[in-house]
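Now for the letters of each chain:
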Amino acid sequence: MPWYYGNISEYFNKDPVDYRVLSLPLRPSVHVGFKWKYGYDGPDFTWLLYQHDTISSLDHNYYSSAKILSELKKDNFDNLKVITRLFGIKYIVVQNDVDIVHGNYGGKTLNSPKELKKMIDKNNIQYIKKFGQLELYRTQSKYFLPPIYTTSTTHPVIVNGTTHNVYQVITYPDYNSSRDILFSLNQINEKQWKFLKEYNNSIFVGQKIYNVPAYNGSENQFSWSTSLGNSIRTIYYPKWQSVIRTDGKEGEDTLSFSSLKACPYKFPSFSKTRWSAFNSTLVYIKTGNKPLRIDSILENGKSAKGIVGIWWETGWLGMGTKPVGFPVVIPPDQRAIIQINHKVENLSITTIGLENLSKLKNISENNRPLIIFKRVNPTKYIVNVENATKPFFLVFSESYNPGWKIYATNGNTAIGKVIAKYPDVNVEEAKNSWYKFTPQDVVYLLKKPAINETYHFKANGYANAWYINPEKINKDGNGNFTLTIYFRPQSYFYFGLFISMVTLILSISYLSYDWRRDKEDRWAKRLKKRFKR
């Protein structure tokens, strides 16, 4: 292993707070290749090298955050700042020693170091220093969230859609991950849905699907003049069909312009003044007085392949001159055409209704209670809550698992010296123990959690969140109490450890007795007589 991993680990250890590291380039699985002196090709052990919780893979089975990070990669890292905040990422490491050419990545390509630096720079993330082949960046303090915090929102957001839709909400300009909280209908149960539905001021964001029947162009002609506003129609043309004209001649089924100069598109070199389609499906769209947002185009329920271009009267995507990406927003009162380079029979256009998110601009906020937390070890956190007068959502940024439980006691616990403060979320962090061994926690097998599982949610697409009602927890009524966030399956490990130790001691004792008995030892004879009595 190169020396510079030890150096960067020492740097991380000087920062005593609890945070995550994002290691780039993101690989499709936990397999990675390195350009080290003697090479390396095998399981990714980056997190061991950094000695911190590290995200480096898009493997959905390994990281619950992977689906959202996959959306970030598709988005060309445009919202990197937002995502680092959501996941509590403080440092970003660009690994220039990752073999992006010869590594076994299942046929998928990784971003080059040059591409990654460009993406990081456009997010204004601060460069720190270089450690050999590793380049270190640090997110701005205002874009860093501690692993435990409360939300101040009175308007939880509920999304009925895919991971892509969750990502769209998280990156929406008015959504603030330190204030707001998001739940996906795909990730909550019926009781939780009922609770959230009845919760005051919940904001619902739903996916809309437009199923568009396809017609044959030789049998059905399309005409803009007979098409109503806010309409979508699909026609398959087995032969050549004009799509864009710049000769001043108006076409009833084309986008026509008075001249090439009046046309807003950049044409490819092989077709400089017009565009035609062959053996293609054309989707004709006419927007009304509102814009049409297209989040995806589906063919037989899956992402459509072979989208050549999307044109509207004032802009375009595709045609070999601009990449096609989603979402696409077609302005109001416009004509638009989408070309797919084959016959499509079952076409759907999906859109996520984000208009309700405009309510986030002027929402009222609850006063947050003061949170002071301490990490005891990776499976246990102590959280002091002070001045909690109203119910709130407590967010814990570890991957959601029903094994995480909350236990409560009245009053606050002395948890040591505060080493960091996060005033934006009213959170303080005490000096942590990192890997303290606590076998006494086996007693949690006998304790009842303070929060019913109905109020333990999967939030923000990956994290744990609990709905905390101080009136039901704090018997003193002063708003001060202590919560223990504990991974209960750990107690089974401790219990198994105790059983193993007892078994080992009994086995050694018996072997010792048996050996001494064979030697006709006095002690063994006395012990044998006692058992006979």
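Details of the structure are given in the entry above.
Model, not experiment: these values are computed from the prediction.

Chemist: What's the story with helix H1 (residues 3-13) in this structure? I'm lost.
Modeler: The α-helix advances 3.6 residues per turn, and as a result positions three or four apart in sequence lie on the same side. Among all positions in H1, only Tyr4, Tyr5, Ile8, Ser9 and Phe12 are buried. Around the axis of H1, the buried residues are gathered within 145° of arc, so they sit on the same side. Turned more than 90 degrees away from the buried face of H1 sit Trp3 and Glu10, all of them exposed. Of the surrounding elements, those touching the buried residues of H1 are strand E1 (20-27), strand E2 (31-34), helix H2 (46-50), strand E5 (89-95), strand E6 (126-131) and strand E7 (134-138).

Chemist: Would you mind going over the packing of aromatic side chains with me for this structure?
Modeler: Applying the stated criterion across every chain yields a total of 50 aromatic pairs. Ring plane angle 15° and centroid distance 4.0 Å describe the contact between Phe222 and Tyr284, whose orientation is recorded as stacked. Taken together, the residues span a long stretch of sequence, with Phe222 in the loop between strand E11 (203-216) and strand E12 (231-245) and Tyr284 in strand E14 (residues 275-286) at a distance of 62 residues. In terms of burial, Phe222 and Tyr284 fall into one category: buried. With 5.4 Å between their ring centres and 90° between their planes, Phe257 and Tyr265 make a pair best called edge-to-face. Here Phe257 falls in the buried class, since its relative accessible area comes to 11%. Just above the ring of Phe144 sits the side chain of Lys90; from NZ or CZ to the centre is 5.7 Å. The positively charged end of Lys322 is found above the aromatic ring belonging to Trp316, 4.0 Å away from the centroid.

Chemist: I keep staring at the pairing of strand E30 (residues 463-468) and nothing clicks. Help me out?
Modeler: Each regular strand shows side chains that alternate between the opposite faces of the sheet. Across the six residues of E30, six count as buried, placing the element largely inside the fold. Burial along E30 is two-sided: Ala463, Ala465 and Tyr467 and Asn464, Trp466 and Ile468, pointing in opposite directions, are all buried. Pairing geometry for strand E29 (residues 456-459) and E30, over four bridges, is antiparallel. Looking across to E30, one finds that His456 is bridged to Trp466. Between E29 and E30, which pair antiparallel one after the other, the connecting turn spans three residues, and Asn460 there sits at a positive phi close to 55°.

Chemist: Any chance you could explain the side chain of Ser23 here in plain terms?
Modeler: Here Ser23 is to be found in strand E1. Look at Ser23 and you get buried, because its relative accessible area is 0%. Beyond its immediate stretch of four places on either side in the chain, Ser23 contacts Thr46, Tyr50, Thr54, Ile55, Ser56, Val93 and Gln95.

Chemist: What is the right way to read the pattern of salt bridges from this model?
Modeler: Where charged atoms of side chains with opposite charge meet at close range, the side chains can pair. Counting across every chain of the model gives 12 salt bridges. Asp15 is the salt-bridge partner of Lys90, the closest N and O atoms lying 2.8 Å from each other. One end of the pair, Lys90, is in strand E5; the other, Asp15, is in the loop between H1 and E1, with 75 residues separating them in the sequence. We classify Lys90 as buried; its relative accessible area is 17%. Judged by its relative accessible area of 12%, Asp15 falls in the buried class.

Chemist: Even after reading the chapter, I still don't get the nonpolar core, so can you show me in this structure?
Modeler: Taken as a class, soluble globular proteins show a tendency for nonpolar side chains to be buried jointly. Counting 98 residues, the largest nonpolar core has Ile468 and Ile485 as its most contacted members. Residues contacting Ile485, with those up to four places away along its chain left out, are Ile148, Thr379, Lys380, Tyr381, Val383, Leu394, Phe396, Trp404, Lys405, Ile406 and Trp466.

Chemist: Is there a simple way to explain the sheet that holds E7 in this structure?
Modeler: Within a sheet, adjacent strands bond to each other through the backbone by hydrogen bonds, running parallel or antiparallel. Judged by pairing direction, the sheet is mixed, and its five strands sit side by side in the order E4-E1-E5-E7-E6 without closing on themselves. Unpaired on one side and paired on the other, strand E4 (53-57) and E6 mark the two borders of the sheet. Direction aside, the axes of adjacent strands within the sheet are offset by 25° on average. With four bridges connecting them, E1 and E4 associate as parallel partners. Across the sheet, Arg20 pairs through a bridge with Asp53, a residue of E4. On the sheet, H1 packs against E1, E5, E6 and E7 and is oriented at approximately 15° with respect to E7.

Chemist: Would you explain unusual backbone geometry in this entry?
Modeler: Across residues other than glycine, the phi torsion is negative in most instances, and most of the peptide bonds are trans. Backbone torsion omega between Leu24 and Pro25 reads 5°, so that peptide bond is classified as cis. Among the secondary structure elements, Pro25 is positioned in strand E1. Note that the residue after Phe326, namely Pro327, is joined by a cis bond; omega there is 10°.

Chemist: Sorry, what's going on with the sheet that holds strand E25 (residues 392-399) here?
Modeler: Across the sheet, four strands lie side by side as E8-E25-E30-E29; this open sheet has antiparallel pairing. Both edges of this open sheet fall to strand E8 (148-150) and E29, since each of them pairs with a single strand only. Geometrically, the sheet is characterised by an average inter-axis angle of 30° between neighbouring strands, direction not taken into account. In the packing of helix H7 (residues 190-198) onto the sheet, the strands contacted are E25, E29 and E30, and the crossing angle to E29 comes to about 80°.

Scoring rules and cut-offs
- Residues numbered from 1 in each chain as written.
- Predicted model: local features only at pLDDT ≥ 70, side-chain atom pairs only at ≥ 80, totals over all residues.
- Heavy atoms only, no water.
- Buried < 20%, exposed > 50% of the residue type's maximum accessible area, 1.4 Å probe, protein only.
- Helix = DSSP H or I, 4+ residues; strand = E, 2+ residues; numbered from the N terminus.
- Arc of directions from axis to C-beta.
- Contact = heavy atoms within 4.5 Å.
- Phe/Tyr/Trp six-rings, centres within 6.5 Å; stacked < 30°, edge-to-face > 60°.
- Lys NZ or Arg CZ within 6 Å of the ring centre and 35° of its normal.
- Pairing = 2+ DSSP bridges.
- Salt bridge = Lys/Arg side-chain N within 4 Å of Asp/Glu carboxyl O.
- Core = buried A, V, L, I, M, F, W, Y, C linked by side-chain atoms within 4.5 Å.
- Axes fitted to C-alpha atoms, helices over the stretch in contact; angles between N-to-C directions.

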